Amino acid sequence: MWQVALLTVLVGGIGGWVYYSVFPHHYFGGYPLIPAFFLVFGVFMINMVESCRYRMPGRMLQIYLLMRVMRMLASIIVMLVYCVAVREEAKEFLLTFIANYLIYLTYDSWFFFTFEANRKLKKKKRKEKIEGILLEILEKSADETACLCEWAGKCGGCLYQTLPYEKQLAIKETQIKKMLDNGGTDYTFEGIVSSPVVSGYRNKVELTFGDSYMGGPLALGMHQRGSFYDIAGIETCQIMTPDMRMAAIAVLDHFLKLNIPFYHRMRHEGVLRHLLLRSSAATGELLVAVVASSQADASTMQLAELTEKLKALPLEGSLAGVLHIINDSLADVVQSDHTEVLYGKDWITEKLLGLSFCVTLFSFFQTNSRGAELLYQTVRDYIGETNQKVIFDLYSGTGTIAQILAPVAKHVTGVEIVEEAVEAARVNAKLNGLDNCSFIAGDVLKVVDDLTEKPDLIVLDPPRDGIHPKALPKIAARTRAKKIVYISCKPTSLVRDLVELQKYGYKMIRARSVDMFPNTGQIETVCELVLVEDQQNNQQNDQ
């Protein structure tokens, strides 16, 4: 932007000099610095407003309008002072004022439409793409349906909500197929499996306390799209279960009446930070956890009274537990410095494919329980025969996949970096009577070096960003497993890792997507990869 400012100063200076040379001083009275001042002042104000806009997105309309008014008033004051200083007569005073102000307005309009308005259309500019901002919808798509949530469009949770579900699946299938083609050739794409439930499917929700607009009343919900501050309400949220929504509204109403402030993460002041909700599709159990700073205790927040209100709610399921979590971290993360169980227990039971799983608040577990059964069934199909085979389940979470495979395998080893998830996996294995699976707490990057068994199969279910670049060579080159089944919730990370795995002799032979996140743009994909060198050796032996 400094180039524009420099250009403006040069143009303003030259223009002012021409202006002063053409028109006599006694008639219009223009010094070269006056137009230049207006130009530079305009650039400064626009830069300041734009800087604030990107620092505080969604809250800048009032400030932006105020700055434009201040800029105009400042220019008027400067011109009035100038005209009085040169002691023009009334007629010449008026003409001088009009002439200078017309110059300012001309510049202001030119700069706005040339630079500022154009920048508003660009939210993010990267090397490979430019992300724009929707200004106006001229005509709605014929496929668009009525929106059930009042926050749709503002909240980034359900961007596909106004599309029929069949259309959502078609869009996702086209997109994932196009991306997978970049990660492999000569493979079979088996399409996309629809979710058994389209609304109210999430079994875990992390909500944030804040306000819907600057200075507004306490709000509870998800962050509005493109904003780190503004909150989108949950009264009509379509991805939460009815019990979750009912509990969240009760919690918000309780703290609104007490006037308990939310935690300001910039000033590090306030109390309420997050509300965690976790439910079971199989048992109907619901966990409710209030995450707050230590700047107010349980009695000040009247958490005992809140617990009684939650117990009295007419839930479809049952209230399994109410927790008070203290979090004094300066970072905006959900973590527990101390957890107090106010009522019930701190875990729920979920069931998948005939197995039971103990799930805590912070355990990784697929957020769509009914969809997870279809996902893990796909994994089981892709793995195939597991009798007397050794399996590594890397990034195992609470050991869901490991325990689904364990009954028909020789041994399954799970590796997970979250210690709480590993403890839950061990409890779950004992709960399901499985003694041929073990779980290791540690980073895959380091643990792979210490594993002495040679796996026949590897299951990879990494975080969204994929496998660590240094861990992938170790997994592929050192283990040399005959088959890898890769599960991914981020296609771009999946394709990147597929390209790397090809360098170590692995080839994708088939892939299938499972829609775990209806009404959103997210998708889970399962890929089966085989070690090509091993196939070639088998063919040579057969010959």
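Since the structure is predicted, the reported quantities are computational estimates derived from the model, not experimental observations.

Draft legend 1. Structural context of the packing of helix α6 (residues 242-258) against helix α7 (residues 303-311). Two elements in contact, α6 and α7, have axes whose closest approach is 10 Å; the angle formed by their N-to-C orientations is 145°. With respect to the hand of their crossing, α6 and α7 are arranged in right-handed fashion. Contact residues: A247, A250, V251, H254 and F255 in α6; L303, E305, L306, K309 and L310 in α7. Of the residues assigned to the contact of α6 with α7, the class counts are seven nonpolar, one polar and two charged.

Draft legend 2. A look at the sheet that holds strand β4 (residues 204-211). Taken in spatial order, the seven strands make up an open sheet running β6-β5-β4-β7-β8-β9-β10, and their pairing is mixed. Of all the strands in the sheet, just β6 (231-233) and β10 (338-344) have a single pairing partner and so form its edges. Here the average twist between neighbouring strands, direction ignored, is 35°. Examined bridge by bridge, β4 and strand β7 (residues 272-279) share five bridges and lie antiparallel to one another. Note that in β7 the partner of T208 across the bridge is H274. In the packing of α6 onto the sheet, the strands contacted are β4, β5 (218-223), β7 and β8 (285-292), and the crossing angle to β7 comes to about 155°.

Draft legend 3. How the structure looks around the packing of aromatic side chains. This model, assessed by the stated rule, comprises two aromatic pairs. Lying across the ring of Y263, R273 places its NZ or CZ 4.2 Å from the centre. The ring centre of W347 lies 3.9 Å from the NZ or CZ of K345, which sits over that ring.

Draft legend 4. Examining the confidence of the model for the protein more closely. Residues at a pLDDT of 70 or more form 73% of the protein, whose mean pLDDT is 82. Residue range residues 25-33 is modelled with pLDDT below 50. Its contacts to residues more than four positions away, or to other chains, number 32 contacts. Across residues 117-121, confidence stays below pLDDT 50; counting only partners more than four residues off in sequence or on other chains, it has 14 contacts.

Draft legend 5. Molecular detail of the sheet that holds strand β14 (residues 411-416). Here eight strands make up an open sheet; going across it, the order is β3-β18-β19-β17-β16-β13-β14-β15 and the pairing mixed. A strand with exactly one partner marks an edge of an open sheet, and here the two such strands are β3 (188-193) and β15 (437-441). Ignoring strand direction, the axes of neighbouring strands in this sheet form an average angle of 15°. Pairing of β3 with strand β18 (residues 506-514) involves four bridges; the strand directions are parallel. When the bridges of β18 are listed, V193 appears paired with V514. Against the sheet, helix α8 (residues 369-383) touches β3, β16 (457-460), β17 (483-488), β18 and β19 (524-531), its axis set at about 155° to β18.

Draft legend 6. Just the pattern of salt bridges, in detail. Counting across every chain of the model gives 21 salt bridges. In this structure, E285 engages K345 in a salt bridge whose closest nitrogen and oxygen atoms are separated by 2.8 Å. Taken as a pair, E285 in strand β8 and K345 in the loop between β10 and β11 (347-352) lie far apart in primary sequence, 60 residues in all. The exposure class of E285 is buried, given its relative accessible area of 12%. Residue class for K345 comes out partly exposed when judged on its relative accessible area of 24%. Each member of the salt-bridge network shares a partner with another, and the members are E190, K483, R510, R512 and E528.

Draft legend 7. View of the packing of helix α5 (residues 165-180) against helix α13 (residues 491-502). Where α5 contacts α13, the axes come no closer than 9 Å and their chain directions differ by 20°. Taken together, α5 and α13 sit at an angle that is classed as roughly parallel. Remark: the crossing between α5 and α13 carries right-handed chirality. Mapping the contact onto sequence places I176, M179 and L180 in α5 and P491, T492, L494, V495 and L498 in α13. Of the residues belonging to the contact of α5 with α13, the class tally is seven nonpolar, one polar and no charged.

Calculation rules
- Residues numbered from 1 in each chain as written.
- Predicted model: local features only at pLDDT ≥ 70, side-chain atom pairs only at ≥ 80, totals over all residues.
- Heavy atoms only, no water.
- Axes fitted to C-alpha atoms, helices over the stretch in contact; angles between N-to-C directions.
- Helix = DSSP H or I, 4+ residues; strand = E, 2+ residues; numbered from the N terminus.
- Left-handed = near helix turned anticlockwise from the far one by under 90°.
- Contact = heavy atoms within 4.5 Å.
- Nonpolar A, V, L, I, M, F, W, Y, C, P; charged D, E, K, R; others polar.
- Pairing = 2+ DSSP bridges.
- Phe/Tyr/Trp six-rings, centres within 6.5 Å; stacked < 30°, edge-to-face > 60°.
- Lys NZ or Arg CZ within 6 Å of the ring centre and 35° of its normal.
- pLDDT = per-residue confidence, 0-100.
- Salt bridge = Lys/Arg side-chain N within 4 Å of Asp/Glu carboxyl O.
- Buried < 20%, exposed > 50% of the residue type's maximum accessible area, 1.4 Å probe, protein only.
- Parallel < 35°, antiparallel > 145°, perpendicular 65-115°, else oblique.

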